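Here are the chains, one letter per residue:
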Amino acid sequence: MKENQLLSALQPGQQAVVKSIREDSSMRRRLQDLGLTPGTPVTCVLKSPLGDPAAYLIRGAVIALRCEDSRQIQLN
């Protein structure tokens with residue numbers, strides 16, 4: 001995995017750990033409420049045929065995120 005990869009770049013079956021959420025993101029608080037906090041492992045479960053939205057396994061729950069929102073999350 002490349003350094004400073006974004007959540008939107010994960011492909012189905014790949015796993016990574018959340019590093020940070022962009023400070024200026026309007027969805028920052030909502031993403032944190034969903035469990036996307038630094039140190040949280042995230043697995044890409046499924047991407048729609050056009051790539052948006054994608055489903056991610058986060059803390060035991062599958063959450064669908066738009067590409068626009070998943071680009072706000074930086075991974076280790």
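Source: prediction; values computed, not measured. (Residues numbered from 1 in each chain as written. Predicted model: local features only at pLDDT ≥ 70, side-chain atom pairs only at ≥ 80, totals over all residues. Heavy atoms only, no water.)

Visitor: Would you take a moment to explain the pattern of salt bridges for this structure?
Guide: Between side chains of opposite charge, a pair can form as their charged atoms come close. Enumeration over the complete set of coordinates arrives at 4 salt bridges. Residues Asp24 and Arg22 are paired through a salt bridge, measuring 2.7 Å at the closest nitrogen-oxygen approach. By relative accessible area, Asp24 is classed as exposed at 57%. On the basis of relative accessibility, which here comes to 41%, the residue Arg22 falls in the partly exposed class. Across the pair Arg66 and Asp69 runs a salt bridge whose closest N-O atoms are separated by 3.1 Å. According to the relative accessible area criterion, Arg66 is partly exposed, its value standing at 42%. (Salt bridge = Lys/Arg side-chain N within 4 Å of Asp/Glu carboxyl O. Buried < 20%, exposed > 50% of the residue type's maximum accessible area, 1.4 Å probe, protein only.)

Visitor: Would you mind going over the nonpolar core with me for this structure?
Guide: Nonpolar side chains tend to gather and get buried jointly when the protein is soluble and globular. Counting residues in each nonpolar core, the largest one holds 16 residues, and the members touching the most others are Leu7, Leu36, Val42, Tyr56, Leu65, Ile73 and Leu75. Of all elements in the fold, only strand S1 (15-21), strand S2 (41-47), strand S3 (54-58), strand S4 (61-65) and strand S5 (73-75) reach the threshold of two or more residues within this core. Not counting residues within four places of it along the chain, the set of residues in contact with Leu75 comprises Asn4, Gln5, Leu6, Leu7, Leu10, Ala16, Val17, Val18 and Lys19. (Core = buried A, V, L, I, M, F, W, Y, C linked by side-chain atoms within 4.5 Å. Helix = DSSP H or I, 4+ residues; strand = E, 2+ residues; numbered from the N terminus. Contact = heavy atoms within 4.5 Å.)

Visitor: Would you explain the environment of Gln72 in this entry?
Guide: Tracing the sequence through the fold places Gln72 in the loop between helix H2 (67-70) and S5. Given the relative accessible area of 14%, Gln72 is considered buried. For Gln72 and Ser26, which are 46 residues apart along the polypeptide, the C-alpha to C-alpha distance reads 9.5 Å.

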